[in-house]
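Residue strings, one per chain:
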Amino acid sequence: MRVLSRHPVQAHPPSELPPLLLPGAQVVAPKAGLGKFAPGRRCAGRRVKCSNPPFARHPSAQLSYSARSRCDGFALATCCSVLNYTDSSPDCDSLPASVPLLLLLKMLSLKLPRPLSIDQMPQVFHEQGIIFGYRHPQSSATACLLSLFQMNNETLNIWTHLLPFWFFMWRFVTVLYVTDVQNDSYSWPLLVYMGTSCVYPFASSCAHTFSSMSKNARHICYFLDYGAVNLFSLGSAVAYSAYTFPDTLVCTTFHDYYVALAVLNTIISTGLSCYSRFLEIQKPRLCKMLRVLAFAYPYTWDSFPIFYRLFLFPGESAQNEASMYHQKHMAMTLLASFLYSAHLPERLAPGRFDYIGHSHQLFHVCVILATHMQMEAILLDKTLRKEWLLASSRPLSLLQITGAILLCIVFTLSNILYFSAALYRIPEPELHKKET
Ligand SMILES: [Zn+2]
C-alpha cells in the first residue's frame with residue numbers, strides 16, 4: 001500500500017493529489033504562520049504546529065502534527081488536505097506504527113462531508129456547549145454508518161454504547177448457555193433482565209448513529225431510544241421483584257402490584273419523554289425537566305425495594321455481598337443523572353469538549369457502569385438467596401412475565417407511533433419556532 005511505502009514518492013502538486021484525497025477535500029494554500037509549509041516547499045520532517053483555526057482544536061491537527069515528523073509524501077499530503085494545508089514533499093522514509101491506522105480513518109473521513117459548526121446547523125440539532133463537530137443534518141444512512149469511523153461529536157456517544165452492547169450480549173448468551181430455559185423458572189426473570197440490558201445500549205447507539213438523517217429522523221431515533229430505556233426499566237423491576245426484595249416486603253400487597261405498576265410507569269414515562277421533545281426549542285427548561293422526571297420516577301419506583309433494603313430493614317436473607325453492588329449502582333446512577341442534567345463540563349468551557357469528554361459521553365459511561373453493578377448485584381442475590389426465596393416467595397409466572405413485557409412493548413410502540421405521526425402533522429415552524 002502506498003501509504004506504507006518506505007521510499008520517497010513523487011511530490012504531488014495540489015492539482016495532482018492521489019484520487020483518494022479528493023472527494024470532499026479542498027486543497028488550498030496554507031494560511032500565514034505555517035512557515036515553510038507552502039505549496040511546493042519540502043517538508044523535511046519538521047514538526048509544525050497547526051494553528052489555523054478552527055482546525056487547531058480538530059483531532060486531525062494532532063494526526064498531522066505527529067505524522068509530519070516521519071512520513072512519506074502520500075501520508076503527508078493526506079494529512080495536509082484534511083487540514084486544508086498543502087505540502088506533499090516526500091522527505092521521510094518511514095512511518096510510525098500507529099499512523100497507517102489513523103490515516104485509514106482519515107481517508108474514510110475524506111469520503112464524508114466535513115463536520116459542521118453550530119452556526120451551520122438547524123437549531124433542533126444544537127447541543128449546549130458543543131460548538132464544532134456536527135454531522136450534516138441531512139446525512140444519508142450510509143454516511144451515518146461511516147461516521148462511526150469519523151471523529152465528530154457523536155462518535156464516542158455511539159461507541160460508548162455499542163461496545164457495552166456486545167459485552168452485555170456476551171454475558172446474556174453465557175447465562176443462556178448454562179440455563180435450562182424450559183424447566184428453570186427461577187432464572188426466567190434474570191433472562192428477561194439481561195435481554196433488556198442488551199436492548200437499550202443497542203437502541204441508543206443506533207439513535208446516535210442515525211440521528212443526523214433529518215430533523216424528524218432525529219426525533220424518531222430518540223423516541224425509540226427512550227422506549228428501550230423504559231423497557232430496560234421494566235426488566236429491572238422484574239429482576240428486583242424476583243431476587244432483591246427485602247425480606248419484610250416479600251409477598252406483601254406492594255410486592256404483588258410492584259411489576260404491574262412498573263408496566264404502567266413505562267407507558268407514562270415513554271409518553272412523557274417523547275412529548276418533551278416537542279418542547280425542546282420552545283421551552284427548553286420545561287423540556288429538560290420533563291425528560292429527567294420521565295426517567296427519574298420509574299427508576300425511583302423500581303429502586304424503592306432497594307432503598308428499603310439498604311436504609312431500613314434488609315432482613316436476614318438480604319444481608320449479603322450484593323448490598324455493596326446495589327450501593328455502587330445507586331451512586332453511579334446519581335452521577336449519571338447529574339451529568340445528564342447539568343451539561344458539565346462543556347457548559348463551563350464551550351468548544352473544549354466537542355469530541356471527547358462532554359457530558360453525554362460521561363453519562364453513557366456512568367449508565368453502563370451502573371448497569372454492570374446492577375447486574376452483579378442481581379446475579380449475587382439470585383444465587384445467595386435462592387433457597388430462602390424459593391421457600392418464602394411467590395415467583396412470577398411465565399404468563400405474568402411475558403404479559404408485562406408484551407404490554408410494555410405494545411404500549412411503548414403505540415406511543416412512539418403516535419408521537420412520530422404528530423411530527424408530520426404539526427407544521428414545522430410550529431415545532432421548531434423559539435418562544436419569544
Ligand atoms: Zn445517549
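Parameters at a glance
Residues numbered from 1 in each chain as written. Predicted model: local features only at pLDDT ≥ 70, side-chain atom pairs only at ≥ 80, totals over all residues. Helix = DSSP H or I, 4+ residues; strand = E, 2+ residues; numbered from the N terminus. Buried ≥ 20, exposed ≤ 12 C-beta atoms within 10 Å, placed from the backbone. Contact = placed C-beta atoms within 7 Å. pLDDT = per-residue confidence, 0-100. Core = buried A, V, L, I, M, F, W, Y, C linked by C-beta atoms within 7 Å. UniProt positions renumbered as here; feature names shortened; annotations may be inferred. Expected span 1.5 Å × (residues − 1). Axes fitted to C-alpha atoms, helices over the stretch in contact; angles between N-to-C directions. Parallel < 35°, antiparallel > 145°, perpendicular 65-115°, else oblique. Left-handed = near helix turned anticlockwise from the far one by under 90°. Nonpolar A, V, L, I, M, F, W, Y, C, P; charged D, E, K, R; others polar.

### Structural notes on the overall build of the protein
Reasoning step 1: The secondary structure content of the protein amounts to 14 helices and two strands.
Reasoning step 2: Expressed as a percentage of the 436 residues in the protein, the buried residues total 41%.
Reasoning step 3: For the protein, the share of sequence-separated contacts (at least 6 apart) that also reach a separation of at least 24 residues comes to 73%.

### As for unusual backbone geometry
Backbone phi values are negative for most residues with the exception of glycine, while trans is the configuration of most peptide bonds.
Reasoning step 1: For the peptide bond that leads from L344 to P345, omega is 10 degrees, which places it in the cis range.
Reasoning step 2: A positive phi angle is found at C251, which is not glycine, with a value near 65 degrees.
Reasoning step 3: Note on placement: C251 falls in the loop between α7 (215-244) and α8 (253-276).
Reasoning step 4: The phi angle at H343 is positive, at roughly 55 degrees, despite the residue not being glycine.
Reasoning step 5: In this fold, H343 is placed in the loop between α10 (322-342) and α11 (359-384).

### Concerning the confidence of the model for the protein
Reasoning step 1: Across the protein, the average pLDDT comes to 77, with 71% of residues at 70 or higher.
Reasoning step 2: Every residue in residues 1-96 is under pLDDT 50, and counting partners more than four places away or in other chains gives 157 contacts.

### Notes on the nonpolar core
Reasoning step 1: Core analysis: the biggest nonpolar cluster contains 56 residues, and V238, A239 and C366 have the highest contact counts within it.
Reasoning step 2: Counting only elements with at least two residues in this core, the list comes to α6 (188-210), α7, α8, α9 (284-311), α10, α11 and α13 (398-425).
Reasoning step 3: If one sorts the elements of this core by residue count, α7 sits on top with 17 residues.
Reasoning step 4: Dropping the residues within four chain positions of it, A239 is found in contact with P189, L190, Y193 and I378.

### Examining the UniProt feature "binding site: Zn(2+)" (unreviewed entry) in the protein
Reasoning step 1: This chain's UniProt record puts "binding site: Zn(2+)" (unreviewed entry) on H208, H360 and H364. Over a stretch of 157 residues, the named residues converge on one spot in the fold, their C-alpha atoms separated by at most 11.5 Å.
Reasoning step 2: Apart from residues lying up to four places away in sequence, H208 is in contact with E154, N157 and I158.
Reasoning step 3: Mapping H364 onto the fold places it in helix α11.
Reasoning step 4: By the C-beta count within 10 Å, which is 24 here, H364 ends up buried.
Reasoning step 5: Ignoring any residue separated from it by four or fewer positions in sequence, one finds H364 in contact with N157, T160 and H161.

### As for α7
Reasoning step 1: With 30 residues, α7 should cover 44 Å at 1.5 Å per step; its first-to-last C-alpha distance of 42 Å lies within 8% of that length.
Reasoning step 2: Of all 30 residues in α7, 27 are buried, a share of seventy percent or more.

### Structural notes on the environment of Y340
Reasoning step 1: Mapped onto the secondary structure, Y340 falls in helix α10.
Reasoning step 2: On the basis of neighbour counts, which here come to 19 C-beta atoms within 10 Å, the residue Y340 falls in the partly exposed class.
Reasoning step 3: Each C-alpha atom of the pair Y340 and K288 lies 9.5 Å from the other, and the pair is 52 residues apart in sequence.
Reasoning step 4: What Y340 contacts, discounting residues up to four positions off in sequence, is S359 and F363.

### Concerning the UniProt feature "transmembrane region" (unreviewed entry) in the protein
Reasoning step 1: Those places that UniProt annotates as "transmembrane region" (unreviewed entry) correspond, in this numbering, to residues 158-178, 190-210, 222-245, 257-278, 290-312 and 400-424.
Reasoning step 2: Secondary structure content for residues 257-278 is 91% helix and 0% strand, and the end C-alpha separation is 33 Å.
Reasoning step 3: Regarding residues 290-312, the helix share stands at 96% and the strand share at 0%, and the terminal C-alpha atoms are separated by 30 Å.

### With respect to the packing of α7 against α13
Each pair of packed helices can be described by the angle between their axes along with the distance between the axes.
Reasoning step 1: Look at α7 against α13: their axes get within 10 Å of each other, and the N-to-C directions meet at 165 degrees. On the basis of the axis angle, α7 is roughly antiparallel to α13. For the element pair α7 and α13, the recorded crossing hand is right-handed. On α13, the residues touching N216, H219, I220, F223, L224, G227, N230, L231, L234 and V238 of α7 are I401, A404, I405, C408, I409, T412, I416, F419, S420, L423 and Y424.
Reasoning step 2: Residue composition of the contact of α7 with α13, by class: 15 nonpolar, six polar and no charged.

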